Amino acid sequence: MGSLTKAAEEGAAAAADWSDEAVIYVNGVRRVLPDPDGLAHLTLLQYLRDIGLRGTKLGCGEGGCGASTVMVSCYDRATMQSQHFAINACLAPLYSLEGMHIITVEGIGDRQRSLHPVQERLAEAHGSQCGFCTPGFVMSMYALLRSSKHPPTEEQIEDSLAGNLCRCTGYRPIIDAFRVFAKTDDSLYTCSPSENANGHSQKKKNANGQAICPSTGKPCSCRNETDVGANESSVFLSVKSYLPCSYNEVDGNAYSEKELIFPSELQLRKVMPLKLNGFNGIRWYRPVILEQLLHLKSCYPDAKLIIGNSEFMISVTHVPELNTLRVEEDGLRIGSAVRLAQLQKFLKRVIAERGSHETSSCQAILGQLKWFAGTQISNVASVGGNICTASPISDLNPLWMATGAKFQIIDVNNNIRTTVAKDFFLGYRKVDLKADEVLLSVVLPWTRPFEYVKEFKQAHRREDDIALVNAGMRVHITEAEGNCVVSDVSIVYGGVAAVPLTAAKTEKFLVGKKLDHGLLNETFNLLKEDIPLAENAPGGMVEFRSSLTLSFFFKIFLYVTHEMNIKGLSKEGLDAANMSAIQSYTRPVTVGTQGYELVGQGTAVGQPMVHTSAMLQVLLIV
């Protein structure tokens, strides 16, 4: 998309035959976005609410709360399959969805067609109170099911909800509601309870005679299993058999009547470069080949390139050269327009296929991406966007620098130059990229045997939060006279200066040194000199953040020491206390219980009954 005025339009238009027709589908209905009136100034959220689909909400407006979550489907011509993913409609420019199918909470179920199982479960499991965030949770879960070949695990369900916030209900009933879609033994959840001699229902039991909770499918002792009245029977009976949503096969034959399939028109539609209008003379351009992009950049050198952001720029989502993901002899080639979610999948495949000694940098980047952002952001945020934004607290930029990654840059004359990541960041939000240049790709080199890359990040919370301090570190060890010697090292911190900061003095000191605990004191002193934080440093918490810079180095020192000990190259091992410092953090699946007493009052008071508004809240709240 592009912020281009009428006066400059003619030059770009001469480069190709540009289409002025934008077609999207919303909940299975074809919609032609009007021209010449133009909607380039609108976000998807604004458009949806303007046409009466008000289940999608505006919360924070920054992609942090998930209230505007919708599912988007597009056709991948490489795999010849449709792809489904969740996005934040509040951040998505309307024209960036051209040629796609948008499904909102109104499109998966309503009072006429009945509720979708995802909606039904959330309502029946008491997963809503005010209902404002409820449609967002529904759509995040729905997108996960539509994009999964197999029923998701509980971990995947929780990961998919990391970009959604609830301010009143609490997450236990929401997660409990969706756990039913991850079950491997449906009989634990779908069989109605048996009745005892008094006609009262009894809990289903496992092989050990333990009562099974129908919400979690796990042994439960929250109530006396023989003292359950008729009122509770209705709660158990409401737990129905839910089949997982069918996987996204293009023809849609396997879908039930409740699932909207990908429109055949969009599947067969030829991808055209777009030239569209917007408010106040805005012109929106979407090139589909590199030559068109370079021509536009030559006409409008100040235009910024974007993928899924809300600024009005030139869309590069359809330029193949910027979307490449390729394994090469010297490393991985990652196009600047590649989305973070795509990069995650690609890195997992590369790590599984190649030796661990080659993929240490891949593992570090993958580890950092896990805590980078919620699903909705990762589905649209690009590698190049994160790099060129040059945020001082970028989680990835210190890793690109530490790994020795190279950035390939192309100008409007088709000349390509290469710069190392360490030289790319010039100052606060300033990079080595001229007005007539475009970041083409990132080359991530393979690691060598005995070369280790580690990622670090400390934030107020692990998921979906910006870093207080982060870091990327790389250490290469060689053996000399029976000792482990540091032959190469790179230490880069983020969140401590206007740009990612290299600990140059420390790096120089460490090269050639024997890897042992005698290194630590002097290294810590040098790190304090390399990474100074003034008392009035932006972000505050100076003492804590300074301690983090030392802590991160201590962790990679322990990690490399442990690896050398495992390989028999070092006699120094780690005790139990130090071992805990190098273990990767894995958050266990959320487990919660609610204990309450059934008190019969002759009314709904005191009974675990679904509140009247729940069925409406999983549909929409205006």
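Residues numbered from 1 in each chain as written. Predicted model: local features only at pLDDT ≥ 70, side-chain atom pairs only at ≥ 80, totals over all residues. Heavy atoms only, no water.

1. Quick notes on the overall build of the protein chain
- When you go through the protein chain residue by residue, the secondary structure sums to 21 helices and 22 strands.
- For the protein chain, buried positions account for 54% of its 622 residues.
- Just so you have it, the protein chain exposes about 27,800 Å², and 51% of that area is on carbon and sulfur atoms. (Helix = DSSP H or I, 4+ residues; strand = E, 2+ residues; numbered from the N terminus. Buried < 20%, exposed > 50% of the residue type's maximum accessible area, 1.4 Å probe, protein only. Areas by Shrake-Rupley, 256 points an atom, 1.4 Å probe, with all protein chains shown as cover.)

2. Remarks on the side chain of Gln 119
- For Gln 119, the position within the fold is in helix α4 (residues 117-124).
- With relative accessibility at 0%, the residue Gln 119 sits in the buried group.

3. A closer look at the side chain of Thr 56
- Here Thr 56 shows up in the loop between α2 (44-50) and β3 (69-76).
- In this structure Thr 56 touches Leu 45, Leu 48, Arg 49, Ala 67, Ser 68, Val 70, Ala 89 and Thr 104, once residues within four positions along its chain are discounted. (Contact = heavy atoms within 4.5 Å.)

4. Re helix α12 (residues 340-353)
- Between its first and last C-alpha, α12 extends 20 Å over 14 residues, near the 20 Å set by a 1.5 Å rise per residue.
- If you check which residues of α12 are buried, you get Leu 340, Ala 341, Leu 343, Gln 344, Phe 346, Leu 347 and Val 350.
- Buried-residue contacts for α12 involve β12 (325-328), β13 (331-335), α13 (360-370), α14 (375-378) and α15 (383-389). (Expected span 1.5 Å × (residues − 1).)

5. Topic: the sheet that holds strand β22 (residues 501-502)
- Read across the open sheet, the four strands follow the order β19-β20-β21-β22; overall the sheet is antiparallel. Two strands close off the open sheet at either side, each with one partner strand: β19 (451-459) and β22.
- Bridge count for strand β21 (residues 483-494) against β22 is two bridges, and the pairing is antiparallel. The residue bridging Val 492 from the neighbouring strand is Thr 502, located in β22.
- Strands β19 and β20 (467-480) of the sheet are contacted by α13, whose axis makes an angle of about 10° with β19. (Pairing = 2+ DSSP bridges. Axes fitted to C-alpha atoms, helices over the stretch in contact; angles between N-to-C directions.)

6. Examining the packing of aromatic side chains
- Applying the stated criterion across every chain yields a total of 12 aromatic pairs.
- Each member of the aromatic cluster is reached from another via a ring pair, and the members are Trp 18, Tyr 285 and Tyr 300.
- Looking at Arg 462, its charged tip hangs above the ring of Trp 371, at a distance of 5.9 Å from the centre.
- The ring of Tyr 585 has Arg 462 lying over it, and the distance from NZ or CZ to the ring centre is 3.7 Å. (Phe/Tyr/Trp six-rings, centres within 6.5 Å; stacked < 30°, edge-to-face > 60°. Lys NZ or Arg CZ within 6 Å of the ring centre and 35° of its normal.)

7. Quick look at the packing of helix α18 (residues 520-530) against helix α19 (residues 542-566)
- Two numbers describe how α18 lies on α19: the axes approach to 10 Å, and their chain directions differ by 145°. The interaxial crossing formed by α18 with α19 has right-handed handedness. Here α18 contributes Leu 520, Thr 523, Phe 524, Leu 527 and Lys 528 to the contact with α19, which in turn contributes Thr 549, Leu 550, Phe 553, Phe 554 and Phe 557.
- Class assignment of the residues belonging to the contact of α18 with α19 gives a composition of seven nonpolar, two polar and one charged. (Left-handed = near helix turned anticlockwise from the far one by under 90°. Nonpolar A, V, L, I, M, F, W, Y, C, P; charged D, E, K, R; others polar.)

8. Description of the pairing of strand β2 (residues 29-33)
- For strand β1 (residues 22-26) and β2, the ladder comprises five bridges, and the chain directions are antiparallel. Paired with Tyr 25 across the bridge in β2 is Arg 30.

9. Structural notes on the pairing of β12
- Looking at chain direction, β12 and β13 are connected through four bridges and run antiparallel. Bridging across to β13, Leu 325 finds its partner in Ile 334.
- The hairpin formed by β12 and β13 contains two residues between the paired strands.

10. A short note on α19
- With 25 residues, α19 extends 37 Å between its outermost C-alpha atoms, agreeing within 8% with the 36 Å of an ideal straight helix rising 1.5 Å per residue.
- Phi for Gly 568, located one or two positions after α19, is positive at around 80°.

11. Some words on the packing of α12 against α13
- Remark: α12 packs on α13, axes separated minimally by 10 Å, with the N-to-C direction vectors making an angle of 140°. In this view, α12 runs oblique relative to α13, as classed from their interaxial angle. Relative to α13, α12 is oriented so that their crossing is left-handed. On α13, the residues touching Leu 340, Leu 343, Gln 344, Leu 347, Lys 348, Val 350 and Ile 351 of α12 are Cys 362, Gln 363, Ile 365, Leu 366, Leu 369 and Lys 370. (Parallel < 35°, antiparallel > 145°, perpendicular 65-115°, else oblique.)

12. Let's talk about the sheet that holds strand β4 (residues 81-88)
- The strand order across the open sheet formed by five strands is β2-β1-β5-β3-β4, and the pairing between neighbours is mixed. At either end of the open sheet lies a strand with only one pairing partner, and these are β2 and β4. On average, adjacent strands in this sheet sit at an angle of 30° to one another, irrespective of strand direction.

13. Quick word on the nonpolar core
- Formed by 69 residues in total, the largest nonpolar core has its most connected members in Leu 44 and Trp 400.
- Dropping the residues within four chain positions of it, Trp 400 is found in contact with Ile 334, Ile 365, Val 383, Ile 387, Ala 405, Phe 407, Ala 421, Val 442 and Leu 444.
- Counting 38 residues, the second largest nonpolar core, distinct from the first, contains Ala 471, Ile 477, Val 489 and Tyr 559. (Core = buried A, V, L, I, M, F, W, Y, C linked by side-chain atoms within 4.5 Å.)

14. Things to note about the pattern of salt bridges
- Inspection of the entire model under this criterion finds 26 salt bridges.
- A salt bridge links Arg 587 to Glu 158, with the nearest nitrogen and oxygen atoms 2.8 Å apart. Taken together, the positions of Arg 587 in the loop between α20 (576-582) and α21 (614-617) and Glu 158 in helix α6 (residues 154-160) put the pair 429 residues apart, joining distant regions of the chain.
- Residue classification places Arg 587 among the partly exposed positions, given a relative accessible area of 27%. (Salt bridge = Lys/Arg side-chain N within 4 Å of Asp/Glu carboxyl O.)

15. Considerations on unusual backbone geometry
- Even without glycine at this site, His 126 takes up a positive phi of about 60°.
- Backbone geometry places Phe 450, a non-glycine residue, at a positive phi of 65°.
- For Phe 450, a relative accessible area of 34% corresponds to the partly exposed category.

16. Describing the environment of Leu 115
- The topology assignment puts Leu 115 in the loop between α3 (105-108) and α4.
- On the basis of relative accessible area, Leu 115 is assigned to the buried category, the value being 14%.
- Sequence spacing of Leu 115 and Leu 619 is 504 residues, and the spatial spacing of their C-alpha atoms is 8.0 Å.

17. Details of the environment of Val 138
- The topology assignment puts Val 138 in helix α5 (residues 134-147).
- Linking Val 138 and Phe 178, residues 40 residues apart in sequence, is a C-alpha distance of 9.3 Å.
- When near neighbours in sequence (up to four residues on either side) are disregarded, Val 138 contacts Val 105, Ile 108, Val 118, Gln 119, Leu 122, Phe 178 and Val 618.

18. Side note on the confidence of the model for the protein chain
- Per-residue pLDDT for the protein chain averages 83, and the proportion of residues at 70 or more is 83%.
- Predicted confidence is poor over residues 189-201, with pLDDT under 50, and the contacts of this stretch with residues over four places away or in other chains come to 31 contacts.
- Across residues 308-312, confidence stays below pLDDT 50; counting only partners more than four residues off in sequence or on other chains, it has 18 contacts. (pLDDT = per-residue confidence, 0-100.)

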